[in-house]
Amino acid sequence: MPVNVLFSARPALWPVYEPLLTKGLTEAGLDFHLATDIDPDQVDYVVYAPSGGLLDFTPYTRLKAVLSLWAGVEKIAGNETLTVPLARMVDHGLTQGMTEWVVGHVLRYHLGMDQHITVQDGVWTPDVPPLAPERQVCILGLGALGQVAARALAALNFDVTGWSRTAKDIPGITCLHGDDGLHATLAQAEILVLLLPDTPATEHILNPDTLALLPKGACIINPGRGPLIDDDALLAALNTGQVGHATLDVFRVEPLPVDHPYWAHPNVTVTPHIASETRPVTAAQVICDNIRRSEAGEPFLHLVDRSLGY
Ligand code: NDP
């Protein structure tokens, strides 16, 4: 009997992924049927993105796993109709893209590029930026993305501190965890990068109290998820100068509504959720490898802990 793989994502992705998944499953030596429409009670695996619209997994009675195309799983982690393993996306291409985006924006803040490139006011202010070892960059979240971004920044000699839920030991990075660790991290964050998942525990992790811990004029880069930030608190902190500038890629409502104050704020850069994305060639390999592993009785890679939401 073939392994039935349902592709449930927005239709535009099917012509991209169909040949890649076909190749990967063939190379895995599997007898398979891959389609966008399979009777629910015949489906073994769902390749999933929220844009496919699949919400009720109850009829999927022989389902073995849901394999997310995206790294962020906040839209499915809490789905109570899902009772089988959920794997999230950890993809080299996605990680590389995020590292480039984070390093680019950290360097932009570090070098003061906005002042020296976009403001051409005829005023000659030769403020030479410090060197990277004198710049404290902090990353909240030391997972698949945060850890690689932290290493890349440390390789440029930035003074990097990272914060995570569990204790870590990463050469070249000061690793902190827990509530005390969060306070210590924020207190030194001249440039703060958010690479946390959106979970009940991380919502509004930047709020009036935690924003007040930052050094005055700190810059914030958020490619994580919109709900990590209390937007009203950030706007207030921007207006007092407590936060000097924010580059925001993700928002509680996307696309960001046209009348949202972030669009017009002089100290906010809005980017339209483009920090990074799953790259089909490498992501299809991850999906196929997980199906192969499952069929061979091996454990799934990148499993989501549903109780934690990531
Ligand atoms: P991971 O699950 O690999 O890492 C998450 C990190 O956050 C871990 O270090 C984890 O700690 C930490 N964390 C989670 N909850 C807490 C908490 N309550 N307190 C402290 N630390 C916590 O995720 P990824 O690195 O792969 O991705 C991070 C996020 O990036 C995604 O969830 C997604 O929202 C976002 N993203 C955004 C994209 C964009 O284009 N803007 C593209 C892709 C992803 P620990 O290590 O101890 O478990």
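Reading the values: rules and limits
- Residues numbered from 1 in each chain as written.
- Predicted model: local features only at pLDDT ≥ 70, side-chain atom pairs only at ≥ 80, totals over all residues.
- Heavy atoms only, no water.
- Near = heavy atom within 4 Å.
- Polar contact = N/O pair within 3.5 Å; in protein donor to acceptor, adjacent residues only side chain to side chain.
- Buried < 20%, exposed > 50% of the residue type's maximum accessible area, 1.4 Å probe, protein only.
- Helix = DSSP H or I, 4+ residues; strand = E, 2+ residues; numbered from the N terminus.
- Contact = heavy atoms within 4.5 Å.
- Axes fitted to C-alpha atoms, helices over the stretch in contact; angles between N-to-C directions.
- Parallel < 35°, antiparallel > 145°, perpendicular 65-115°, else oblique.
- Left-handed = near helix turned anticlockwise from the far one by under 90°.
- Nonpolar A, V, L, I, M, F, W, Y, C, P; charged D, E, K, R; others polar.
- Patch = residues over 30% accessible without salt bridge, like charges linked within 9 Å, V, L, I, M, F, W, Y side chains within 5 Å.
- Areas by Shrake-Rupley, 256 points an atom, 1.4 Å probe, with all protein chains shown as cover.
- Salt bridge = Lys/Arg side-chain N within 4 Å of Asp/Glu carboxyl O.
- Phe/Tyr/Trp six-rings, centres within 6.5 Å; stacked < 30°, edge-to-face > 60°.
- Pairing = 2+ DSSP bridges.
- Domains from an automatic or database assignment.
- Buried area = accessible area lost by both parts, 1.4 Å probe.

(A) Here's a closer look at the site of the ligand. Not every one of the 30 residues close to the ligand is listed here, only the nearest: Arg88, Thr166, Lys168, Ser276 and Tyr310. Separating an oxygen atom of the ligand from a backbone N or O atom of Gly143 is a distance of 3.0 Å. Between Asp249 and the ligand, the recorded distance is 2.9 Å, taken from a side-chain N or O atom to a nitrogen atom.

(B) Helix H7 (residues 231-240), seen in detail. Buried within H7 are the following residues: Asp231, Ala233, Leu234, Leu235, Ala237 and Leu238. Elements that come into contact with the buried residues of H7 comprise helix H6 (208-211), strand E10 (218-222), strand E11 (243-248), helix H8 (261-264) and strand E12 (268-270). Between the side-chain oxygen at the start of H7 and the backbone nitrogen of Asp232 there is a gap of 3.2 Å, and the oxygen is on Asp230. Just downstream of H7, Gly241 is the residue with a positive phi angle, here 90°.

(C) View of the packing of helix H2 (residues 92-111) against helix H4 (residues 144-155). Across the interface, H2 lies against H4 with an axial gap of 9 Å and an inter-helix angle of 50°. Comparing their axes, H4 and H2 come out oblique. In the crossing of H2 with H4, the sense of the turn from one axis to the other is right-handed. Residues Leu94, Thr95, Met98, Thr99, Val102, Val103 and Val106 of H2 pack against Ala144, Leu145, Val148, Ala149, Ala152 and Leu153 of H4. Residue classes in the contact of H2 with H4 are distributed as 11 nonpolar, two polar and no charged.

(D) Representation of a nonpolar patch on the surface in the model. A contiguous nonpolar patch, built from Leu111, Met113 and Ile117 and spanning about 250 Å² of accessible area, is present on the exposed surface. Position of Leu111 relative to the elements: it lies in helix H2.

(E) Structural context of the packing of aromatic side chains. Per the counting criterion, the structure on display carries five aromatic pairs. Ring centres of Phe7 and Trp14 lie 5.3 Å apart, and the angle between their planes is 45°; this geometry places the pair in the tilted category. Of the residues examined, Trp14 reaches a relative accessible area of 23% and is grouped as partly exposed. Measuring from ring centre to ring centre gives 6.1 Å for Phe251 and Tyr262, while their planes differ by 50°; the resulting arrangement is tilted. Separated by 11 residues along the polypeptide, Phe251 in the loop between E11 and H8 and Tyr262 in helix H8 bring together distant segments of the chain.

(F) Quick peek at unusual backbone geometry. Glu254 connects to Pro255 through a cis peptide bond whose omega is -5°. Considering the arrangement of structural elements, one finds Pro255 in the loop between E11 and H8. Not every positive phi belongs to a glycine, and His204 is a case in point at roughly 55°. A relative accessible area of 28% places His204 in the partly exposed class.

(G) Structural detail: the sheet that holds strand E1 (residues 3-8). Strand order in the open sheet formed by five strands is E2-E1-E3-E4-E5, with parallel pairing between adjacent strands. If you trace the sheet from one side to the other, it starts and ends with strand E2 (32-35) and strand E5 (86-87), each paired once. Of the pairings in the sheet, the one linking E1 to E2 comprises four bridges and is parallel in character. Within the sheet, the bridge partner assigned to Val3 lies in E2 and is Phe32. Helix H1 (residues 14-27) rests against E1 and E2 of the sheet, and its axis sits at about 170° to E2.

(H) How the structure looks around the domain arrangement of the protein. Each assigned domain of the protein is listed with its residue range as follows: domain 1 (3-91 + 278-295) and domain 2 (92-270). Using only C-alpha atoms to locate each centre, domain 1 and domain 2 end up separated by 33 Å. Each side of the interface is counted separately: domain 1 has 10 residues, and domain 2 has eight residues. Of the roughly 710 Å² buried at the junction of domain 1 and domain 2 (both faces included), carbon and sulfur atoms supply 54%. Contact with domain 2 buries area across many residues of domain 1, yet Glu74, Asp91 and Arg279 alone supply 59% of it, more than any other trio. Linking domain 1 with domain 2 are one salt bridge, by the criterion used here. Note that Glu74 and Arg225 form a salt bridge whose closest N and O atoms lie 2.7 Å from each other. Across the side of domain 1 that touches domain 2, the residue classes break down as three nonpolar, three polar and four charged.

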